[in-house]
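Analysis of the macromolecular model
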Amino acid sequence: MGFKIAVAGATGNVGREMLNILSERGFPADEVVALASARSQGTEVSFGDKTLKVQNLENYDFSDTDICLMSAGGTVSQKYSPKIGAQGCVVIDNSSAWRYDAEVPLIVPEVNPDAIAGFSKKNIIANPNCSTAQLVVALKPLHDRATIKRVVVSTYQSVSGAGKEGMDELFQQTRAVFVADPVESKKFTKRIAFNVIPHIDNFMEDGYTKEEWKVLAETKKMLDPKIKVTCTAVRVPVFIGHSESVNIEFEKEITADEAREILREAPGCQVIDKHENGGYITPYESAGEDATYISRIREDATVENGLNMWVVSDNLRKGAALNAIQIAELLVARGLIKAKKQAA
Ligand code: A2P
């Protein structure tokens, strides 16, 4: 007997990708249910070669559902996840609502799989921010080898991270520029077509944005609280794929060649690093792929034991849907969850 899985937010960018990945990876599900708001009730979404009718999350009964993959935003998650968890259904939540709760594990399976054991306090497991997920996949093997002291990250984040509306806005604005229509900004604070915006999520008192804060708080929670992290998060006119320029200072000596070899062997990582035209990855090429790609690995001579690298991944996959499904696979592989129908 397999599991009964619900995808909440199934009509959104990440929810659709969750359905694709569940089907692609042959997750052991007997039944998959698509949920969204009342607005979408009765519409259809694809699941492999089938279509699923979208049901309303608001009045859905989770008592015979095993896992809810939730990607409907923080407010919706705050309202529904505790109730779903109380019905004995494990929520794997893609929003930031639960990530910093001490009773909720925040998991990237390649980085801190053992932390998953604590999920049963609330029956909620948090999926990290998209920029953090790919970052920690690349940092973990290097931290294990040479102990990271400090990381400076600048992100180049695609518009799909801002949901369907973000993608639509880039498309509409690009079209408007070409046909000389007025360019309207609704989702983003400034024009995103042919531009970059150094602002993602809300501003905090210290002048950083919440997105920047998430990268440091989540890296510390998952990898090591002693690592110092600072970040500048930037939205760029790319549809899918987040890129990061990463500067790392280590306690121990490590060469670029050593780092390249370590990352070649590391789970979830793929090194594309030739010192020639095109010998690196761009976000366009990462779209639809599972790996965290690492290019441009080089020594930083301005600090002791420093490296620079370029890290790229599909933000809808490793940064969201894929990681959530890997967490579900980890629950199953470790025998931490039993199918309710089988258990009955
Ligand atoms: P809907 O399409 O019915 O609004 P994205 O981040 O790509 O914009 O997607 C957000 C997802 O979260 C969509 O599937 C959206 O459904 C869903 N969602 C938003 N608000 C609610 C809500 N109040 N209840 C259930 N699902 C919601």
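Predicted model only: the values in this text are computed from it and were never measured.

Thresholds, definitions, all that
- For every chain, the first residue of its written sequence is number 1, and the numbers climb from 1 along that sequence.
- pLDDT decides what is reported in this predicted model: residues at 70 or higher carry local features, side-chain atom pairs at 80 or more are listed and counted, and totals for whole chains, interfaces and linings draw on all residues regardless.
- Hydrogens and water molecules were not included; the side-chain quantities draw on all heavy atoms of the structure.
- UniProt positions are given in the numbering used here, feature names are shortened, and annotations may be inferred rather than shown by experiment.
- Only DSSP runs of H or I covering at least 4 residues are called helices, and only runs of E covering at least 2 are called strands; the numbering of each starts at the N terminus.
- Only protein chains enter the area calculation, which uses a 1.4 Å probe; residues under 20% of their type maximum are buried, those over 50% are exposed, and those in between are partly exposed.
- Contacts described as polar in this section are N or O atom pairs within 3.5 Å, which, within protein, must combine one atom able to donate a hydrogen with one able to accept it, while residues neighboring in sequence count only if both atoms come from side chains.
- pLDDT expresses, on a scale from 0 to 100, how confident the predictor is about each individual residue.
- If DSSP finds at least two bridges between two strands, the strands pair.
- For this analysis, residues touch if any pair of their heavy atoms sits within 4.5 Å.
- Every axis corresponds to a line fitted to the C-alpha atoms, with the helix fit spanning only the stretch in contact, and the corresponding angles, defined between N-to-C directions, vary from 0 to 180 degrees.
- Think of it this way: one heavy atom of a residue within 4 Å of a molecule or strand is enough to make that residue near it.
- Each accessible area is a Shrake-Rupley estimate made with a 1.4 Å probe; only the visible protein chains count as cover when residues are assessed.
- Throughout, the ten residues Ala, Val, Leu, Ile, Met, Phe, Trp, Tyr, Cys and Pro are labelled nonpolar, Asp, Glu, Lys and Arg are labelled charged, and all others, Gly among them, are labelled polar.

A few points about the UniProt feature "active site" (unreviewed entry) in the protein chain
The UniProt record marks C130 and H242 with the feature "active site" (unreviewed entry), using the residue numbering of this structure. The annotated residues occupy 113 residues of the chain but converge on a single region, no pair of C-alpha atoms lying more than 8.0 Å apart. Relative to the elements of secondary structure, C130 occurs in helix α3 (residues 130–146). Mapped onto the secondary structure, H242 falls in strand β11 (residues 242–250). Given a relative accessible area of 1%, H242 falls into the buried group. Polar side-chain contacts of H242 include one of 3.0 Å to the backbone nitrogen of S158.

Quick look at the confidence of the model for the protein chain
Model confidence for the protein chain is summarised by a mean pLDDT of 97, while 99% of its residues fall at 70 or above. Mean pLDDT values over the elements of the protein chain span from 75, in helix α9 (residues 340–343), up to 99, in β11.

A look at the sheet that holds strand β8 (residues 124–126)
Taking strand neighbours across the sheet as the criterion, the six strands line up as β5-β2-β1-β6-β7-β8 in an open arrangement whose pairing is parallel. Each edge of the open sheet carries a strand with a single partner, namely β5 (55–56) and β8. In terms of strand pairing, strand β1 (residues 3–8) meets strand β6 (residues 67–70) through four bridges, oriented parallel. Pairing of A8 across the sheet is with M70, part of β6. Helix α8 (residues 317–333) rests against β1, β6, β7 (90–93) and β8 of the sheet, and its axis sits at about 150° to β7.

Topic: the UniProt feature "binding site: phosphate" (unreviewed entry) in the protein chain
Mapped onto this numbering, the UniProt entry gives "binding site: phosphate" (unreviewed entry) at R99. Here R99 is to be found in the loop between β7 and β8. R99 gets classed as buried once you look at its relative accessible area, which sits at 4%. Dropping the residues within four chain positions of it, R99 is found in contact with N94, L106, A126, N127, P128, N129, K214, E218 and K221. Of note is the side chain of R99, whose polar atom sits 2.9 Å from the backbone oxygen of N94.

Quick word on the site of the ligand
Residues in contact with the ligand amount to 15 residues; listed here are only the nearest, T11, N13, S37, R39 and S40. Separating an oxygen atom of the ligand from a backbone N or O atom of G9 is a distance of 3.1 Å. Calculation on the ligand without its partners gives an accessible area of 570 Å², and the protein chains cover 74% of this total. Partitioned by chemical class, the residues of the shell around the ligand number five nonpolar, eight polar and two charged.

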